[in-house]
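What follows is each chain in one-letter form.
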Amino acid sequence: MTNIDVPDFDEALHADQDGSFHRAAQDHLAEAAATLRAAIQGGLAPLDYERATKLEAALQKASEIVRFSAAFPRTN
């Protein structure tokens, strides 16, 4: 499994020749989102629910950014 806990995440995305870093990042985000959705569906206090839904939106946006970066690699 590819380690995505790196000091320069952006550079690691840029240097990803075979797509393994992008896939590992996507998998990590999907796992975090699934865990969060399970907590939301299990029932949360109103303030925790509000925070969880904001975090869920952030995870979705992060996933879109990683997917977009894979589709349009840097040329420099």
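This is a predicted model, so every value here is computed, not measured.

Colleague: Got a minute to help me understand helix α2 (residues 20-42) in this structure?
Modeller: One turn of the α-helix equals 3.6 residues, which is why residues spaced by three or four share an orientation. When the terminal C-alpha atoms of α2 are compared, their 33 Å separation across 23 residues agrees well with the 33 Å that a helix rising 1.5 Å per residue should span. Within the sequence span of α2, burial applies to F21, H22, A24, A25, Q26, L29, A33, L36 and I40. G43, located one to two residues past α2, shows a positive phi value of around 100 degrees.

Colleague: What is the right way to look at the confidence of the model for the protein in this model?
Modeller: Reading predicted coordinates in detail is not appropriate for stretches of low pLDDT. Summary statistics for the protein give a mean pLDDT of 89 and a share of 93% for residues scoring 70 or more. Averaged pLDDT values for the elements of the protein fall to 87 in helix α1 (residues 9-15) and rise to 94 in α2.

Colleague: I would appreciate a short explanation of the environment of A58 in the present structure.
Modeller: Along the polypeptide, A58 turns up in helix α3 (residues 46-71). Given a relative accessible area of 40%, A58 falls into the partly exposed group.

Colleague: Please clarify how the side chain of D16 should be interpreted in this entry.
Modeller: When you line up the elements, D16 lands in the loop between α1 and α2. Of the side chains with opposite charge, R23 lies nearest to the buried D16, which makes no salt bridge, at 6.4 Å. At 2.7 Å, the side chain of D16 forms a polar contact with the side chain of H22.

Colleague: In this structure, what is going on with the environment of L13? I would like to understand it.
Modeller: The residue L13 is located in helix α1 in this model. For the pair L13 and A30, spaced 17 residues apart in sequence, the C-alpha separation works out to 17 Å. If near-sequence neighbours (up to four positions away) are discounted, L13 is found in contact with F21, H22, V66 and S69.

Calculation rules
- Residues take numbers from 1 onward in each chain, read along the sequence in its written order.
- In keeping with the model being predicted, local features are shown solely for residues with a pLDDT of at least 70 and side-chain atom pairs are shown and tallied solely at 80 or more, while totals for entire chains, interfaces and linings include all residues.
- The side-chain figures draw on all heavy atoms in the structure; neither hydrogens nor water molecules are used.
- Comment: elements are numbered from the N terminus, with helices defined as DSSP H or I runs of at least four residues and strands as E runs of at least two.
- By this rule the span expected of a helix is its residue count minus one, scaled by 1.5 Å.
- Buried means the residue's accessible area, taken with a 1.4 Å probe over protein chains only, is under 20% of the maximum for its type, while exposed means over 50%, and partly exposed covers the values in between.
- The score called pLDDT rates the predictor's confidence residue by residue, from a low of 0 to a high of 100.
- Here the positive residues are Lys and Arg and the negative ones are Asp and Glu; neither His nor the chain ends is included.
- Salt bridges, as used here, are contacts in which a Lys or Arg side-chain nitrogen is within 4 Å of a carboxyl oxygen on Asp or Glu.
- Here a polar contact means two N or O atoms within 3.5 Å. Within protein one must be a hydrogen donor candidate and the other an acceptor candidate, and residues neighboring in sequence count only if both atoms are side-chain atoms.
- We call two residues contacting when some pair of their heavy atoms lies within 4.5 Å.

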